[in-house]
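# Observations on the model geometry
In case you want the letters, here they are:
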Amino acid sequence: MGEIRFGPARVPSQESPEAAVELLLERGYTACEIDFEGRFWMDYDFAARFGDLCRDAGIVLSVHAPIAGFMGHAERGKKLNMAVGMLDHSAGIAKAAGAELVVFHPGFLLGRTREEALDSVCEQLGELRARLEKKDRAVPFGVEVMGRVRELGTADDVVEISRRCGWVRPVLDFAHMHATSDGGFTSVEPFVDALAKADAVLERGAPFHIHFSDIQFANRNETKHLSYGEGTLRAEPLRDALARFERPATVISESPDEESSQAIKAVLGA
């Protein structure tokens, strides 16, 4: 079994890097995802100091790009340019902080076939990569499994994007997969199957990157994250599935409260 790092989907303090790391250590975390889903709140100086302190404390970092920073736009223009700018800036912060990867969303079908949408995502990612290489910020990216059953972003979709692009890793969001499978992730085997798909395209030594929380869903679509124990997704099957792989894992809690994150951490560490 590889090492499991665990932490929250949000930096616990925006006051200072020192305050944030103090809280992460106090709560027993060994990972943290820098949260830019809503806005860019961290500057380069904060990122560099935060990264140095986390490195010294044994805390691994990742960055979640803004929601609008998705790839696979059906039309070129203002929205695509804005998304590229967001991902570019996210990569710059990730480079400054020494983060493992930048998490982003794969976009939408937008009336296209799945194959056409995947082609568009990969084409735009290739253009983004060329831009990032010129700026020396070509960090790994992670494409997240989404929580809507008839949209782009299934586990197979993100694995295929990763296979084609090479520098992009699959981000397994088990809450989303639990929703789209109508509550199918209640035993070890579905977790093993998803991890095996990711394992097949990840480079040697790269950790699994996982999002986890309890989840509410309807008609196989996510509706909201729940406090741990209020829904039907549990951490024990994830723990037991990870034990079958030698690859390390970074597990990010997207739970809405600290008590839930601590409960999940206790299960994974048992």
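Read on for an overview of the structure.

## A word on the pattern of salt bridges
Applying the stated criterion across every chain, the model contains 22 salt bridges. A salt bridge links Asp52 to Arg55, with the shortest nitrogen-to-oxygen separation between them at 2.4 Å. Linking Asp52 with Arg55, this pair stays in helix α2 (residues 44–57), spanning three residues, or about one helical turn. Judged by relative accessible area, Asp52 falls into the partly exposed class, the value being 37%. Asp157 is the salt-bridge partner of Arg114, the closest N and O atoms lying 2.5 Å from each other. In this pair, Arg114 sits in helix α4 (residues 114–134) while Asp157 sits in helix α5 (residues 155–165), placing the two residues 43 residues apart along the sequence. Put simply, Glu115, Asp119, Glu160, Arg163 and Arg164 are held in one network by salt bridges that share partners.

## Focus: the pairing of strand β9 (residues 221–226)
Sheet topology note: the strand β8 (residues 214–218)/β9 ladder contains five bridges and is antiparallel. Bridge pairing in β9 links Ala218 to Asn221. Where β8 folds back onto β9 in an antiparallel hairpin, the turn is made up of two residues, including Asn219, whose phi is positive at roughly 55°.

## Concerning the layout of surface pockets
Its boundaries defined by the atoms lining it, the largest pocket holds a volume of some 310 Å³. Along its surface, the largest pocket is lined by 19 residues, and Ile67, His105, Met146, His176 and Glu222 are the ones closest to its centre. Here the residues of the lining of the largest pocket are counted per class, giving seven nonpolar, five polar and seven charged. A volume near 250 Å³ is recorded for the second largest pocket. Lining the second largest pocket are 18 residues; nearest its centre among them are Thr154, Ala155, Asp156, Met177 and Thr180. At the level of elements, α5, α6 (174–180) and α7 (188–201) are the ones that each hand at least two residues to the lining of the second largest pocket.

Rules of the game
- Residues numbered from 1 in each chain as written.
- Predicted model: local features only at pLDDT ≥ 70, side-chain atom pairs only at ≥ 80, totals over all residues.
- Heavy atoms only, no water.
- Salt bridge = Lys/Arg side-chain N within 4 Å of Asp/Glu carboxyl O.
- Helix = DSSP H or I, 4+ residues; strand = E, 2+ residues; numbered from the N terminus.
- Buried < 20%, exposed > 50% of the residue type's maximum accessible area, 1.4 Å probe, protein only.
- Pairing = 2+ DSSP bridges.
- 1 Å grid on protein atoms, 1.4 Å probe; cavity = no way out; pocket = protein on both sides within 12 Å on 5 of 7 lines; lining within 4 Å.
- Points joined across faces, edges and corners; volume = space filled by probe spheres on them.
- Nonpolar A, V, L, I, M, F, W, Y, C, P; charged D, E, K, R; others polar.

Don't take any of this as a statement about function, it's just geometry.
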